[in-house]
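Chain by chain, the residues:
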Amino acid sequence: MKDPAATTLLEVRGLHATVNGVPILKGLDLTVRAGEVHAIMGPNGSGKSTFSKVLAGHPAYEVTGGEVLFEGRNLFELEADARARAGVFLAFQYPVEIPGVTNSAFLRLAYNAKAAAEGREELDPLEFDDLVREKAKLVEMDPSFLDRSVNDGFSGGEKKRNEILQMAILEPKLAILDETDSGLDIDALRIVAGGVNALSSPARAIVMITHYQRLLNYIVPDHVHVMADGRILKSGDRSLALELEARGYDWVTGAREAA
Amino acid sequence: MVAIPLPALGSQALPPVPGAAAAAGLAEVVEAARAAAGRLPVPTPHDEAWRFTDLSPLARQPWQVDSGAAPTLDAARLAPLELDEAADARLVFVDGRFAPVLSSTAALPSGVRVGALAAMLADGGPAVREHLGRHAAFDVDFFSAVNTARLGEGAAVVCARGVQVPGAVHLLFLSTGRSAPLAIQPRVLVVAGEGSELTVVEEYASLGDSMVFTNAVTECVVEPGATLRHVRLQRENAVSFHVGRCAVSVARDARYRSVAVDIGARLSRLDHAVTLAGEGAEVTRDGLALLDARQHADSHTLLDHAKPHGTSRQLHKCVCDGGSHAVFNGRILVRPDAQRTDSSQQSRALLLSARAQVNAKPQLEIHADDVKAAHGATVGQLDADERFYLASRGLPADQARRLLTYAFAAEVIERIPVRSLVGRLAAQVMARSGL
Ligand SMILES: Nc1ncnc2c1ncn2[C@@H]1O[C@H](COP(=O)(O)OP(=O)(O)O)[C@@H](O)[C@H]1O
Ligand SMILES: [Mg+2]
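Residues numbered from 1 in each chain as written. Chains lettered and ligands numbered in written order. Predicted model: local features only at pLDDT ≥ 70, side-chain atom pairs only at ≥ 80, totals over all residues. Heavy atoms only, no water.

Before going further, it helps to spend a moment on the overall build of chain B. The helix and strand inventory of chain B stands at nine helices and 20 strands. A compact globule built from 435 residues would reach a C-alpha radius of gyration of about 22 Å, and chain B, at 21 Å, matches this within 12%. In terms of overall dimensions, chain B has a C-alpha envelope of 65 × 55 × 45 Å along the principal axes. Going through the 435 residues of chain B one by one, you find that 59% of them count as buried. Taking all contacts inside chain B whose residues are at least 6 apart in sequence as the whole, residues at least 24 apart take part in 85%. On chain B, roughly 15800 Å² of surface is accessible, and the fraction owed to carbon and sulfur atoms is 51%. (Helix = DSSP H or I, 4+ residues; strand = E, 2+ residues; numbered from the N terminus. Rg over C-alpha atoms; globule rule 2.2 N^0.38 Å. Buried < 20%, exposed > 50% of the residue type's maximum accessible area, 1.4 Å probe, protein only. Contact = heavy atoms within 4.5 Å. Areas by Shrake-Rupley, 256 points an atom, 1.4 Å probe, with all protein chains shown as cover.)

Turning to a negative patch on the surface, a few remarks are in order. Residues and elements named next belong to chain A. On the surface, a cluster of negative charge is contributed by Glu121, Glu122, Asp124, Glu127 and Asp130. Within the secondary structure, Asp124 sits in the loop between helix H3 (103-117) and helix H4 (125-138). For Asp124, a relative accessible area of 36% corresponds to the partly exposed category. (Patch = residues over 30% accessible without salt bridge, like charges linked within 9 Å, V, L, I, M, F, W, Y side chains within 5 Å. Salt bridge = Lys/Arg side-chain N within 4 Å of Asp/Glu carboxyl O. Lys, Arg positive; Asp, Glu negative; His and termini not counted. Charge placed at Lys NZ, Arg CZ, Asp CG, Glu CD.)

Taken across its nine residues, helix H1 (residues 48-56) of chain A has seven buried, putting it largely inside the fold. The positive-phi residue at the C-terminal boundary of H1 of chain A is Gly57 of chain A, with phi of around 95 degrees.

Take a positive patch on the surface next. A contiguous patch of positive charge, built from Arg60, Arg266, Arg294 and Arg355 of chain B, is present on the exposed surface. Its location among the elements puts Arg355 of chain B in the loop between strand S18 (341-351) and strand S19 (357-366).

On to the coordination of the magnesium ion (ligand 2). In the first shell of the magnesium ion (ligand 2), the protein supplies Ser49 of chain A (OG) and Gln93 of chain A (OE1), at 2.1 to 2.3 Å from the metal. Separated by 44 residues along the polypeptide, Ser49 of chain A in helix H1 and Gln93 of chain A in the loop between strand S6 (88-91) and strand S7 (98-102) bring together distant segments of the chain. (Donors = N, O, S within 2.8 Å, 3.2 Å for Na, K, Ca; no water.)

Before going further, it helps to spend a moment on the site of ligand 1. Residues and elements named next belong to chain A. Inspection of the region around ligand 1 gives Val19, Asn20, Ile24, Pro43, Asn44, Gly45, Ser46, Gly47, Lys48, Ser49, Thr50 and Tyr61 as its neighbouring residues. Contact between ligand 1 and Ser49: an oxygen atom at 2.8 Å from a main-chain N or O atom of the residue. One of the side-chain nitrogen or oxygen atoms of Thr50 is found 2.5 Å away from an oxygen atom of ligand 1. For the shell around ligand 1, the element with the highest residue contribution is H1, accounting for three residues. Split by residue class, the shell around ligand 1 holds four nonpolar, seven polar and one charged. (Near = heavy atom within 4 Å. Polar contact = N/O pair within 3.5 Å; in protein donor to acceptor, adjacent residues only side chain to side chain. Nonpolar A, V, L, I, M, F, W, Y, C, P; charged D, E, K, R; others polar.)

Below, the discussion takes up the domain arrangement of chain B. All names here are of chain B. Taken domain by domain, chain B holds domain 1 (3-278) and domain 2 (383-435). Computed over C-alpha atoms only, the centres of domain 1 and domain 2 are separated by 31 Å. Taken together, the contacts link 17 residues of domain 1 with 12 residues of domain 2. In total, about 1200 Å² of surface goes out of reach between domain 1 and domain 2, with carbon and sulfur atoms giving 68% of it. Its largest share of buried area at the contact with domain 2, domain 1 owes to Glu85, Val259 and Ile263, together 39% of the area lost on that side. Between the two partners, domain 1 and domain 2, sit one salt bridge. With a shortest N-O distance of 2.7 Å, Arg424 and Glu203 are connected by a salt bridge. Along the contact surface separating domain 1 from domain 2 lie four residue pairs in polar contact (both at pLDDT 80 or more). Elements represented by at least two residues in the side of domain 1 that touches domain 2 include exactly strand S8 (197-206), strand S10 (227-235) and strand S12 (255-262). Here the side of domain 1 that touches domain 2 gets four residues from one element, more than from any other, and that element is S10. The class makeup of the residues in the side of domain 1 that touches domain 2 is 10 nonpolar, one polar and six charged. (Domains from an automatic or database assignment. Buried area = accessible area lost by both parts, 1.4 Å probe.)

Below, the discussion takes up the interface of chain B and chain A. With 18 residues of chain B at the contact, the number on the chain A side is 29 residues. Summed over both partners, the interface of chain B with chain A comes to about 1800 Å²; 71% of that surface belongs to carbon and sulfur atoms. If you sort the residues of chain B by the area they bury against chain A, Phe388, Tyr389 and Arg393 of chain B come out on top, with a joint share of 44%. On the surface where chain B and chain A come into contact, there are one salt bridge. The residue Arg393 of chain B makes a salt bridge to Glu163 of chain A at a minimum N-O spacing of 2.7 Å. A per-element tally of the side of chain B that touches chain A places helix H8 (residues 397-413) of chain B first, with seven residues. Here the side of chain B that touches chain A is composed, by residue class, of 12 nonpolar, three polar and three charged.

All names here are of chain B. Even without being a glycine, Asp253 presents a positive backbone phi close to 55 degrees. Tracing the backbone shows Asp253 in the loop between strand S11 (241-250) and S12. In the Ramachandran plot, Ala293 falls in the positive-phi region, its phi being about 50 degrees despite a non-glycine side chain. Tracing the backbone through its elements, the reader meets Ala293 in the loop between strand S14 (282-291) and strand S15 (296-305).

Further remarks concern the sheet that holds strand S10 (residues 205-209) of chain A. All names here are of chain A. One open sheet accounts for six strands, arranged S6-S9-S10-S3-S11-S12; its pairing is mixed. At either margin of the open sheet sits one strand with a lone partner, and together these are S6 and strand S12 (231-236). On average, each strand axis in the sheet is tilted by 20 degrees relative to the strand beside it, whichever way the strands run. Here five bridges tie strand S11 (residues 223-228) to S12, and the two strands are oriented antiparallel to one another. If you follow His225 over to S12, its bridge partner there is Ser235. Against the sheet, helix H7 (residues 238-247) contacts strand S3 (37-41), S11 and S12, and its axis sits at roughly 45 degrees relative to S11. (Pairing = 2+ DSSP bridges. Axes fitted to C-alpha atoms, helices over the stretch in contact; angles between N-to-C directions.)

As a further point, take the packing of H3 of chain A against H4 of chain A. All names here are of chain A. Running from N to C, H3 and H4 point in directions that differ by 100 degrees, and their axes come no closer than 10 Å. Considering their axes alone, H3 and H4 lie roughly perpendicular with respect to each other. For the pair H3 and H4, contact is made by Ser104, Leu107, Arg108 and Tyr111 and by Pro125, Phe128, Leu131 and Val132, respectively. Of the residues assigned to the contact of H3 with H4, the class counts are six nonpolar, one polar and one charged. (Parallel < 35°, antiparallel > 145°, perpendicular 65-115°, else oblique.)

Quick reminder: α-helices carry 3.6 residues per turn. Residues three or four places apart thus point the same way. Residues and elements named next belong to chain B. A rise of 1.5 Å per residue sets the reference length of helix H1 (residues 27-39), with its 13 residues, at 18 Å; its end C-alpha atoms lie 18 Å apart and thus fit the reference within 8%. Every buried residue of H1 is listed here: Val29, Val30, Ala33, Ala36 and Ala37. All buried residues of H1 fall inside an arc of 125 degrees around its axis, so they share one side. Projecting away from the buried face of H1 at angles above 90 degrees are the exposed residues Glu28 and Arg39. Packing partners of the buried residues in H1 comprise helix H6 (142-149). (Expected span 1.5 Å × (residues − 1). Arc of directions from axis to C-beta.)

On to the sheet that holds strand S2 (residues 22-33) of chain A, then. All names here are of chain A. Read across the open sheet, the four strands follow the order S2-S1-S4-S5; overall the sheet is antiparallel. Each end of this open sheet is capped by a strand with a single partner; those strands are S2 and strand S5 (73-74). With eight bridges connecting them, strand S1 (residues 8-19) and strand S4 (residues 61-70) associate as antiparallel partners. Across the sheet, Ala17 pairs through a bridge with Val63, a residue of S4. Set on the sheet, H1 makes contact with S1, S2 and S4; between it and S2 the angle comes to about 70 degrees.

Residues and elements named next belong to chain B. Within the secondary structure layout, Ser353 lies in the loop between S18 and S19. On the basis of relative accessibility, which here comes to 17%, the residue Ser353 falls in the buried class. For Ser353, the side chain forms a polar contact with the main-chain oxygen of Gly322, separated by 2.6 Å. Beyond its immediate chain neighbours, meaning those up to four positions away, Ser353 contacts Cys320, Asp321 and Gly322.

So this is what it looks like as structure tokens:
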């Protein structure tokens, strides 16, 4: 914990959620303060993406118990779009392709939706073009990607960069990165991590979901959590990630079974 | 002014049409069409080709055949419809009559002749007489028969061999609603001579909000090695009726690229028949119906592969909101002679409301054995993951829905080979969906 006095951005208490009636999250607790970087690690199928989508408001997931406060306010009172405008951002594990919608139009509509909600001035296409070109440099994205349909025909790495570009445009308070590192080669990983680091600030928090400790060499977490079977089983500092890498998840999940 | 019931529109003795067809030796055609119009019944849903389209609201209505007013307009009302690519390459028709003061063909190169039918019959060269009335069969079709019986007003575009026409030719048929209900019978002939290259935009639009019945017939002839790009845009008001027939003949090694968009009318029907009449003909035929409220749009296409080595590509999309109803019947005929035909047809429908309806049917008739023919049809709703993705970026649900609807339609709109029209339609679709 960098600063125990920092404001609490996200408070998750005893969160339960189901998809198609199947329980996936089974009592998840997590506290994230402004300025912090958290990493959530855990085996496939442990519910990490489910957690991120529940926070973002995906309609397929039903919250069956517990509560989530965002800046002290019940997050579930807000629809997905209102959460985004309030400052919650999810970088998707599998970004969606939207043929027929140009990336630049999409980014501008997103920017303006948030600007309008905050009472800031909306930007016309020309004004926005300047902004988006500047931000694209951050993730070393060729401007030609702005004229293409959203994620349509993008490679895995290009999609991930596009997610970080969206984050850079929206400047969220809480960014949840769901396996943004997976499928990236070392260069792309460095670029994406650089983009994320450039956006971190004492007012923002980042929750990274990842399989690999590799990413944590680039974006250094304050807290590391191990998730299994819909719960956080163990939390610690960076050294927990290294230990996990050395000993495998069984070390944590097995320990739970033994307990 | 006297109003004529629909069944009598083509057969009843009416004041002569301005632009005397008879003078140019077409009297026989007109006579035969008049006889056919008297003989043929107005189609009903008992006719297989009209199963899903009930014409009784059109048939119940008596129609005036002449607005009685001079074909003029305040130029300011025309300005928003002008296309950059067709500056001084435009013919305008107001309430069915040619409007010379609003038209100009000054930008066109020599070698392409564009004019009102009457003038073109008089001095447009032999191609007009040779082709007019020869491609759109009127002996079996009530609406073609009526149109041909009233032959006179319309446009002809004749492009000489080897001439490449830059930009586009814009044929704009406007109704003002000054006198209603008005039935108009536009006629278009396009001849792209051997090896020529030409883009024609045929547009039907209402400037008023009173009821019009447009019964349009278009014939296109694409001679060997020529390229004709043909955009047909129907955006009449929501109380009007639109029936269109378009017959196209594509010769050896010629290309016909067409996009037909229906976004207007209370009830519209388009029969678009394209014959690949020479070896190696290449056709793309894309369509979009974008409907809301109680609109009904029926599109019947026929791609008739008559000769070997023909290629056809077809994408048809329907977007139905409210209680609207879209019909698509896509017939592909491969005749015994048409070996090595390569054809594909995709039909996609997007239903935005539980009350909206679509009937989409591919109809493949293949009589040759060495043929590639692919087809697919889907009907669906907006994709939940795409909606969530947009929501997760802060777009309100309603805006996300409109953006995705536009995106669905854009695939066809963007195939229109006239940039300013793409932009205008995009803006219109967005505005219509309130973006
Ligand atoms: N939409 C869904 N429908 C059915 N099962 C789902 C859905 N989403 C997730 N699950 C199930 O929930 C469990 C957790 O998945 P997920 O949250 O994707 O895990 P992780 O991201 O940790 O790999 C898995 O068993 C998965 O099959
Ligand atoms: Mg996952």
